[in-house]
Structures are given as structure tokens and as C-alpha cells.
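# A structural walkthrough
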Amino acid sequence: MNRTTVSLIAGTAALAAVTGFATLSSPQAAGPSRTAAELPVERTSLLCPAPSTSDIAETSYTSFTPVTKDADSGGKAELQAAAAQSDGKSAGKSKKAGKPVLEPEEPGKPATGDTSGGDARALVGTAEGKFAPGWTVQETTEVAAGSGRGLQGVNCSAPDTEFWFPGASTAADRTDYVHLTNPDDSAAVVDIELYGKDGALDSTLGEGITVAPHSSDPILLSTLTEEKQENLTVHVNVRSGRVGAAVQALDDKLGGDWLAASTDPSGSLVLPGIPKDATAVRLVAFTPSDSDADLKVQLASPSGLITPAGNETLHVKAGMTTSADLGDVTRGEAGSLVLTPTDASVPVVAALRVVRGKGDDQETAFIPATRPVGTRATVADNRAKGTTLSLTAPTRAATVKVTASAGSKGGEAVSKMFTLKAGTTENVEAPTPTGLKGTYALTVERVSGGPVYGARTLAATADGVPGFTIQTLPDDRGMVAVPEADQDLSVLQK
């Protein structure tokens, strides 16, 4: 093959690894090389972990795809129970697919589905054509009583080969599971490593875990080690295949929620959307590097960057999980945590455990470090009451466009522009659909300026028990760069 052909195939392989699907079309005519074009993805996958095992749990799923210019006109999206797709015993031998739990009708309008009780399964979803670019699915569970009671929410995630979860625990009052979901026709082999305050925990039970095709396994962390640690970092590394991963953190006294994976280890991190009425905030950080990390801790408030008294810096020892209790760090104002290193070459992962309420009415949620909004980010399952959209511009001023979609049962989309000052966080007055019926999606697009980070807090009361959950808004990766070819790829030259 010549060099152009090799580079294009390599680029396509990388694209397939990110989006799940990539297509190269033969150019109409040979010509000069051109820069890469931004095109909508054509196929994507999302995996939803099995929700609560409580018999009184109520779980809803909300699917949404933004309308994307130049997307294919055809296609479909659907979510099906993992058990309905495979017998879980032999690779590639799938059962006849059952009725989808959720099947959207068109981009631009949310689609909803629900389950009840403790036997709900993990879901495997695929979107093609016009439904693929920016496809978002929210899983929301209300649990009225018991461990983890309150509101639990998670964005269904794409399969990958590595995940970091700072903020997990094997303490006596915590029951934490890492859910592994395999969407493919062959088994995946996974290693789970646990890191505490003194380094790696001694355990061989997390090595070589096999996840059968089209199935999901919840792994109880306390079965992997005898050590009781308040703050843990969980590292999920996939030896073969790929999985979706999320940690379900259930507390006997403080409710519970899903802990989504931190963004890839990085020198600088942003953890957006701390509720202004948070009563306790704990920062948990870890570096996989052989070197220690020293982080400057700042809070992006409505008035600018401030340094929390008594928590100006955080020293993270190599290979050890470090935590810091920040108290009511927001002091009644919107806030986001910004971590910057003294040495940018030392990568770090981090997450926040956030507590709201007092006494028996306390509830917990988590905020992992996240990617910026980028070109576009979407969060589904917003409601007429209880939705708060928090946006931060940590380094430079930025302008964003926020669009509220049509409602799942009626209503028309509405958009609104916002300007964020450098170093600030703002709980913006996000628009709601005109004539709203049902739930709706919020899509954030960066128009100009510096990077923007976002998070959505959803609050609800179930049977008198207040609950809340927080989802970050990373770039939806709905667009991919596809190199322009300077020759017809239908003939490969030797």
C-alpha cells in the first residue's frame, strides 16, 4: 500500500474505536490533498447498567438525539435488555431480540421508557444514521427507602477499555458495585484494581474477570478485598474486548448515586456544578504516575476564582488515593472545582462526593472530573421542576447557546444565549420548551471564547424523601474528523 492509503486506514481504525463505526467513501475524483472534514458519526453504542435491586425502585430511561446538520436521513436507535440479546454462555449465539425497552421516533424529541422492581436488566443500545450523532440516554431511578434511597442517575456510556473511579469505598456503611457490561459477541476479560490511602490493595480476585457476550456483571467491591477503606480509587482495565463501566455507590445513611468515570488522567481538571446548598463536599484524587502530584485547589464562583481557606493545595502521593473534606465550600453560591498542577506532566483523576440536606434527609451524589462541553453536549430527562444547569468558564470568557428540546409528550424547542465571565460558574436560567409536556433535553453549544464545562442537577422528592443526582456534560463526540483523500481508494496500490 502507498502511504496515503495506510494513513487513511489507520485513521478509520481510530475513528471506529471511538464511535463504534466509521465509513470511508471513495472520492468522486482525484485532486489535491485537503484538510480533514467534520462529519456526523454514523453509528454509536451506549450501555446502561442494571438499576437498583430494590423491589420498590422505579427506573425511567430517556433517549435524545439532537438534530444534526448533514446527518443521514435514515437510521434508528433502540435499547434492549442485555439478557434478551444473548444467552450469556457462548460467544456469537444470540437469542431472538425481544421488544426494545426504548425506541426513539425522531431526533429532536425525547423518547421515554420505564421499568419497576428489582429485576431490571442492564441495557445495550445502538443508534444508526440520523439518531447516532450526539445520542444521549439518561437512566434515573427513584428509591423510596433502604440503602441508597433517594434519586440515582447516570448517563449511559459508550464501551471502552479503561476507566478510573476515584471516590468509591469499602467502608462498613457503603455497598459499592462496579457494573461491567459487554455489548459484543465475544467475551471480555477485565482486571479491577483498588487503590487506597496507602497504595494498591492486596487482592487477586479482581484479576481476569470474564464478562460474557451481551451480558452485565455487578462486582461487589468488598468481595475483592478484606480491607475497609473510606476512599478508594477503582481502576478498570480491559485485557480483551471492551465494556461499559459505572460504580453504584449505596450508603446506609446518606442515600446513594452512580459514580461515573473520571475523565482520562490529566494535569488540570475541572469538576463542575457543585450545588449551592451542598452541606459537605469531599474531594478524592489519585495519580497513576510514579511521581507525586501537587495541585492548586480553586473554586470557580459567580464572582471569580477563589481559594478555599484551609484547602489551598492538595498533595497526591504516587499510587495512593488522597482525599480532602472541603465542607460547605460553595457557601450558598454556585461553584465548580478547578485543579491545576505545579507540574503538568503528572496526570491525575478526581471526583467529588457531594452531600445535601441534614439529619435523616441527607442525600449523596458524585461529580467526576469531566471533559469540556466542546462543540456540543446534551443531558436528557430534565423536568419542569427540579432541574438546575450549571456552566463554568475556568480560564477565559465564553458565549454558549442553550437549547431546550421539545417535550417528550408535547411542546416546542426554545434556545437562549449566555455569556460567562472568565473564572466563574453560573447556575443559568435555562429555557424550558414552550407548552412543555413530559421531560425534555438540554443541549449546550459553545459559540465562542474559552472552554466551557457543565453539569445538570436533577432534584425530586419520592414518598417524602428528598433526592438529587448530578450529571456532567462532556462533548457528545457526535462529529468526527474524516481526512479527505487525494485518490480513489477502490484500488489499493502495492
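Keep in mind it's a predicted model, so treat the numbers as computed, not measured.

### Overview of the state of the cysteines
Under the criterion given, the structure shown has one disulfide. With its sulfur 2.0 Å from that of its partner, Cys-48 forms a disulfide with Cys-156. On the sign convention where negative is left-handed, the bridge of Cys-48 and Cys-156, at about 105 degrees about the S-S bond, is right-handed. Taken together, the residues span a long stretch of sequence, with Cys-48 in strand S2 (residues 43-48) and Cys-156 in the loop between strand S8 (150-155) and strand S9 (162-168) at a distance of 108 residues. The pair formed by Cys-48 and Cys-156 is uniform in burial state, with each residue classed as buried.

### Looking at the nonpolar core
Most often, soluble globular proteins have nonpolar side chains that are buried together. Formed by 29 residues in total, the largest nonpolar core has its most connected members in Leu-271, Ile-274, Leu-283, Leu-314, Leu-337, Leu-339 and Leu-352. The greatest single-element share of this core, amounting to four residues, is contributed by strand S20 (residues 293-301). Leaving out residues up to four positions away in the same chain, Ile-274 has contacts with Val-281, Leu-299, Val-329, Thr-330, Ala-334, Gly-335, Ser-336, Leu-337, Leu-352 and Ile-367. Counting 26 residues, the second largest nonpolar core, distinct from the first, contains Ala-168, Val-211, Val-238 and Val-243.

### Overview of the side chain of Glu-78
Tracing the sequence through the fold places Glu-78 in strand S4 (residues 77-81). For the buried residue Glu-78, which engages in no salt bridge, the nearest side chain bearing the opposite charge is Lys-76, 4.2 Å off. Once residues lying within four places of it in the same chain are set aside, the contact partners of Glu-78 are Pro-100, Leu-102, Glu-103, Pro-104, Val-124, Gly-125, Thr-126 and Trp-135.

### So, the environment of Ile-219
Examined against the element boundaries, Ile-219 turns out to sit in strand S14 (residues 215-220). We classify Ile-219 as buried; its relative accessible area is 14%. C-alpha separation for the pair Ile-219 and Asp-176, spaced 43 residues apart in sequence, amounts to 8.4 Å. Those residues within four positions of Ile-219 in sequence are excluded, and the remaining contacts are Asp-176, Tyr-177, Val-178, Leu-180, Ile-192, Ile-209 and Leu-224.

### Some details on the pattern of salt bridges
Evaluation of the coordinates by the stated rule reveals eleven salt bridges. For Asp-176, the salt bridge is made with Arg-174, and the minimal N-O distance between the two is 2.7 Å. Across this residue pair, the class does not change: Asp-176 and Arg-174 are buried. Among the salt bridges present, the one from Lys-197 reaches Asp-198, with a minimum N-O distance of 3.1 Å. Across the pair, Asp-198 and Lys-197 agree in class, each one exposed. Within the structure, one salt-bridge network assembled from shared partners comprises Glu-142, Asp-381 and Arg-383.

### Some thoughts on the sheet that holds strand S17 (residues 255-259)
An order of S14-S10-S16-S17 is seen for the four strands of this open sheet, with the pairing classed as antiparallel. Either end of the sheet is taken by a strand with one partner, and the two such strands are S14 and S17. Pairwise comparison of adjacent strand axes, ignoring direction, gives a mean angle of 20 degrees for this sheet. When strand S10 (residues 174-182) meets strand S16 (residues 244-251), the two strands line up antiparallel, connected through eight bridges. Its bridge partner lying in S16, Tyr-177 is registered against Gln-248.

### Re the confidence of the model for the protein
Close inspection of predicted coordinates is inappropriate in any region flagged by low pLDDT. With 86% of its residues at a pLDDT of 70 or more, the protein has an overall mean of 87. Contacts of residues 1-34 to residues separated by more than four positions or lying in other chains number 48 contacts, the stretch itself having pLDDT below 50.

### Some words on the sheet that holds strand S6 (residues 123-128)
In space, the three strands of this open sheet follow the order S2-S6-S4, with antiparallel pairing throughout. The open sheet has two edge strands with one neighbour each: S2 and S4. Here the average twist between neighbouring strands, direction ignored, is 15 degrees. Alignment of S2 against S6, held across six bridges, turns out to be antiparallel. Bridge pairing in S6 links Arg-43 to Glu-128.

### Side note on the packing of aromatic side chains
Scanning all chains against the criterion turns up three aromatic pairs. When the ring of Tyr-195 is compared with that of Phe-286, the centres are 4.8 Å apart and the planes differ by 40 degrees; the resulting orientation is tilted. Of this pair, Tyr-195 sits in strand S11 (residues 188-196) while Phe-286 sits in strand S19 (residues 280-286), and the two are 91 residues apart along the sequence. For the pair Tyr-195 and Phe-286, one class covers both residues: buried. The structure contains a cluster of three or more aromatic residues connected by ring pairs, namely Trp-164, Tyr-195 and Phe-286.

### Overview of the environment of Arg-446
Tracing the backbone through its elements, the reader meets Arg-446 in strand S34 (residues 440-449). Along the chain, Arg-446 and Ala-377 lie 69 residues apart, while their C-alpha atoms are 9.1 Å from each other. Once residues lying within four places of it in the same chain are set aside, the contact partners of Arg-446 are Gly-374, Thr-375, Thr-399, Val-400, Pro-451 and Val-452. A distance of 2.6 Å separates a polar atom in the side chain of Arg-446 from the backbone oxygen of Gly-449.

### A closer look at the environment of Ser-186
Take Ser-186: it is sitting in the loop between S10 and S11. C-alpha separation for the pair Ser-186 and Pro-213, spaced 27 residues apart in sequence, amounts to 5.1 Å.

### Quick notes on a negative patch on the surface
A contiguous patch of negative charge on the surface is contributed by Asp-160, Glu-162, Glu-193, Glu-207 and Asp-264. Note on placement: Glu-162 falls in strand S9. Assessed through its relative accessible area of 37%, Glu-162 is described here as partly exposed.

Criteria and thresholds
- Positions within a chain are numbered from 1, following the residues in the order the chain's sequence is written.
- Whole-chain, interface and lining totals are the exception, using all residues; otherwise, since this is a predicted model, local features are given only for residues with pLDDT of at least 70 and side-chain atom pairs are given and counted only at 80 or more.
- Working from all heavy atoms in the structure, the side-chain values ignore hydrogens and water.
- In plain terms, two cysteine sulfur atoms within 2.5 Å form what is called a disulfide here.
- Helix numbers and strand numbers start at the N terminus; a helix is a DSSP run of H or I with at least 4 residues, a strand a run of E with at least 2.
- Here's how the labels work: a residue is buried when its accessible area is under 20% of the maximum for its type, exposed when over 50%, partly exposed in between, all with a 1.4 Å probe on protein chains only.
- For the purposes of this section, nonpolar cores are sets of buried Ala, Val, Leu, Ile, Met, Phe, Trp, Tyr and Cys residues that join through side-chain atoms within 4.5 Å.
- Residues count as neighbours in contact if any of their non-hydrogen atoms are within 4.5 Å of one another.
- Here the positive residues are Lys and Arg and the negative ones are Asp and Glu; neither His nor the chain ends is included.
- By definition here, a salt bridge exists when the distance from a side-chain nitrogen of Lys or Arg to a carboxyl oxygen of Asp or Glu is within 4 Å.
- Paired strands, as defined in this entry, are two strands with at least two bridges between them according to DSSP.
- As a rule, the C-alpha atoms of each element are fitted with a line to give its axis, helices using only the stretch in contact, and angles between N-to-C directions run from 0 to 180 degrees.
- What pLDDT reports is the predictor's confidence in each residue, on a scale of 0 through 100.
- Aromatic rings from Phe, Tyr and Trp, taking only the six-membered ring of Trp, are treated as a pair when their centres fall within 6.5 Å; an angle between ring planes under 30 degrees marks them as stacked, one over 60 as edge-to-face, and anything in between as tilted.
- Distance and chemistry together define a polar contact, namely a pair of N or O atoms within 3.5 Å, with one atom able to donate a hydrogen and the other to accept it when in protein, and with adjacent residues in sequence counting only for side-chain atoms on both sides.
- A patch consists of residues whose relative accessible area exceeds 30% and which take part in no salt bridge; residues with like charges are grouped when within 9 Å of each other, and nonpolar side chains (Val, Leu, Ile, Met, Phe, Trp, Tyr) when within 5 Å.
- To be clear on the numbers: accessible area is Shrake-Rupley with a 1.4 Å probe, and residue cover counts the displayed protein chains and nothing else.
- By convention, the point assigned to a charge is CZ for Arg, NZ for Lys, CD for Glu and CG for Asp.

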